[in-house]
Amino acid sequence: MAEMKILTKFIDDPRSNELEFYESVHGYDGMKKALSIAPEEIIEIVKKSGLRGRGGAGFPTGLKWSFIPKDIPKPKYLICNADEGEPGTFKDRKLIENLPHQIIEGMVIGAKAIGANKGFFYIRGEFNKGIDSMQKAIDEAYAKGYLGKNILGSGFDFDLVLYAGAGAYICGEETALINSLEGRRGHPRLKPPFPAVSGLYRCPTVVNNVETFSTVPHILDKGADWYSKIGTEKSPGTRLFSVSGHVKRPGVYEIELGTPLLELVNDLCGGMLDDVPLKAVIPGGSSVPILTAEECKTANMDFESMAAHKTMLGSGAVIVIGEGTDLVETTYRFARFYAHESCGQCTPCREGTHWVRDLLHKIREGEGTSADLDLILSLARNMEGGTTICPLSDACVGAVRPTILKFKHEFEARLKDKAGKEEQIPAQTGA
């Protein structure tokens, strides 16, 4: 099996982050086409391509752009979400560092489509190399006339500002990101109103992921029909996956959507490290439900197959787990992460994530009981399904409950009362 490189075709070239090299491989051709056609036509091309957001939810990109109101006096804004804080995810960082002009081109196209004259590139504060690479590319694009006033004589203006966040996981959620950009705490907002109506500075706003914007220039350049024939009918195109864990060749891989999961693990990634048996795979970052080795045999890397297996592609982080891994420890570490990153705005998340973390710590230390395990599952029911403003609480549940249910024997083996047997409480004497 080979990769299908569209976004990453030139990522390994040492000059890939330079404007001159990007232009030599037809860079900015898609933008030039977009500048010559009507905004509605751009949106229709992206709709027809079937491109779905690459940040996690998989919402149709063209449809999202079409929600922006057309005839209102307020300015419109375009934001690229480059926060990438999901544990196990590192694909966007590679695009930012090695192909920044591809992202800029996609943002100019998106801005023309929705009528935005101002955009923001919101990047995770720890990405020092990416910040330098992106700022250099922005400066080059301004110097060449690809950003700023009257881009290439088209009459369209678009200014782009790089903004480095403070490294909060919650700012990967689009309304928390918007609050952060406004100088507020990174707290998610209640929806509705949605950002398309009331986003940055209470104006119509579109927020898309790095990989989503990177894909758009190729669609404009080669056409919607070309793109829609790649992948599956409902999950067209390619997708980047960050593969980590117990594989021989971890890294970022671009594959056609619909590729069997085990082909990615065994062929591209070289199989299991030290040839240990596969135990499980987390297919889309720490917040999505885990798949057992048996489930992996029928799982394909597309939105529909993952939904059928009651999990998601999520952020595109494939975490491969070999036999011998302590899943009690793994689950505890994920729960600790979500407890730490909760913004504290909603009670089920603020309290629930900390309770789950503490109960898992008890079990991890061999001090938990079957009642503690049952309490975790009870808490999970109260933490999910719209009880909070944003999905962080659901993310914690996704990281914890499926692992407990599918590998319950491992958790029961760590209990004081072993596999659900009632604890023996010594009789008390004295007053």
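The protein chain goes by NADH-quinone oxidoreductase subunit F in an unreviewed UniProt entry, where it is assigned to Leptospira selangorensis. Under Catalytic activity (unreviewed entry), UniProt gives the following word-for-word description of the protein chain: "a quinone + NADH + 5 H(+)(in) = a quinol + NAD(+) + 4 H(+)(out)". The UniProt entry for the protein chain carries the following text under Function (unreviewed entry): "NDH-1 shuttles electrons from NADH, via FMN and iron-sulfur (Fe-S) centers, to quinones in the respiratory chain."

**Student:** Teacher, can you tell me more about unusual backbone geometry here?
**Tutor:** One can expect most non-glycine residues to show negative phi and most peptide bonds to be in trans. Residues Lys191 and Pro192 are joined by a peptide bond in cis, for which omega reads -5°. The residue Pro192 is located in the loop between α8 (174-181) and β4 (205-209) in this model. The linkage connecting Pro192 with the following residue, Pro193, adopts the cis geometry, with an omega of 5°. Positionally, Pro193 belongs in the loop between α8 and β4. With a phi angle near 60°, Arg202 is a residue other than glycine that sits in the positive phi range. Along the polypeptide, Arg202 turns up in the loop between α8 and β4. Positive phi, close to 60°, is recorded for Asp274, a residue that is not glycine. Along the polypeptide, Asp274 turns up in the loop between α11 (261-268) and β7 (278-282).

**Student:** Help me understand a nonpolar patch on the surface, please; the structure alone is not making it clear to me.
**Tutor:** Among the surface-exposed residues, Phe59, Leu63 and Phe67 lie close enough to one another that they form a single nonpolar patch of about 260 Å² accessible area. Looking at Phe59, the relative accessible area reads 39%, which means it is partly exposed.

**Student:** Teacher, can you tell me more about empty space enclosed by the protein here?
**Tutor:** Within the structure shown, the criterion is met by 2 cavities of 30 Å³ or more. The calculated volume of the largest cavity comes to roughly 80 Å³. Residue lining of the largest cavity: Ile170, Pro188, Ser342, Cys343, Gly344, Gln345, Cys346, Cys349, Thr388, Ile389, Cys390 and Leu392, and that is the complete set. Considering only residue class, the lining of the largest cavity consists of 8 nonpolar, 4 polar and no charged. The volume enclosed by the second largest cavity comes to roughly 60 Å³. Residue lining of the second largest cavity: Ile282, Ser286, Val288, Ile290, Leu327, Thr330, Thr331, Phe334, Gly398, Ala399 and Thr403, and that is the complete set. The residue inventory of the lining of the second largest cavity, partitioned by class, reads 6 nonpolar, 5 polar and no charged. Taken together, domain 2 (231-322) and domain 3 (327-417) each give at least three residues to the lining of the second largest cavity, which thus spans both.

**Student:** Help me understand the side chain of Glu211 in this model?
**Tutor:** Tracing the backbone shows Glu211 in helix α9 (residues 210-222). Accessibility expressed as a relative area gives 0% for Glu211, which makes it buried. Among all residues touching Glu211, those that are not within four sequence positions of it are Leu7, Arg54, Lys91, Asp92, Leu95, Thr238, Arg239 and Leu240.

**Student:** What am I meant to see in the nonpolar core here?
**Tutor:** Taken as a class, soluble globular proteins show a tendency for nonpolar side chains to be buried jointly. Counting residues in each nonpolar core, the largest one holds 58 residues, and the members touching the most others are Trp65, Ile103, Ile104, Phe121 and Phe158. The residues contacting Phe121, other than those within four sequence positions of it, are Cys80, Ala82, Ile96, Ile103, Met107, Met134, Leu160, Val161, Leu162, Tyr163 and Val210. Cys171, Ile178, Tyr332 and Val356 belong to the second-largest nonpolar core, a separate cluster that totals 48 residues.

**Student:** Help me understand the layout of surface pockets in this model?
**Tutor:** It is the rolling of a water-molecule-sized probe over the atoms that shows where space remains empty. In this structure, the largest pocket spans a volume of roughly 1400 Å³. Every residue lining the largest pocket is counted, 45 residues in all, and those nearest its centre are Gly55, Gly56, Ala57, Gly172 and Glu173. Among the secondary structure elements, those contributing two or more residues to the lining of the largest pocket are α5 (91-98), β4 and α17 (392-406). Examining the composition of the lining of the largest pocket, we find that 5 residues originate from one element, β4, more than from any other. The residue inventory of the lining of the largest pocket, partitioned by class, reads 18 nonpolar, 16 polar and 11 charged. Counted as a void, the second largest pocket has a volume near 350 Å³. Lining the second largest pocket are 21 residues, with Ile6, Phe10, Val25, His218 and Lys222 positioned closest to its centre. Of all the elements in the fold, those that place two or more residues in the lining of the second largest pocket are α1 (19-24), α2 (29-35), α6 (100-114) and α9. With 4 residues, the top contributor of residues to the lining of the second largest pocket is α9.

Criteria and thresholds
- Residues numbered from 1 in each chain as written.
- Predicted model: local features only at pLDDT ≥ 70, side-chain atom pairs only at ≥ 80, totals over all residues.
- Heavy atoms only, no water.
- UniProt positions renumbered as here; feature names shortened; annotations may be inferred.
- Helix = DSSP H or I, 4+ residues; strand = E, 2+ residues; numbered from the N terminus.
- Patch = residues over 30% accessible without salt bridge, like charges linked within 9 Å, V, L, I, M, F, W, Y side chains within 5 Å.
- Areas by Shrake-Rupley, 256 points an atom, 1.4 Å probe, with all protein chains shown as cover.
- Salt bridge = Lys/Arg side-chain N within 4 Å of Asp/Glu carboxyl O.
- Buried < 20%, exposed > 50% of the residue type's maximum accessible area, 1.4 Å probe, protein only.
- 1 Å grid on protein atoms, 1.4 Å probe; cavity = no way out; pocket = protein on both sides within 12 Å on 5 of 7 lines; lining within 4 Å.
- Points joined across faces, edges and corners; volume = space filled by probe spheres on them.
- Nonpolar A, V, L, I, M, F, W, Y, C, P; charged D, E, K, R; others polar.
- Domains from an automatic or database assignment.
- Contact = heavy atoms within 4.5 Å.
- Core = buried A, V, L, I, M, F, W, Y, C linked by side-chain atoms within 4.5 Å.

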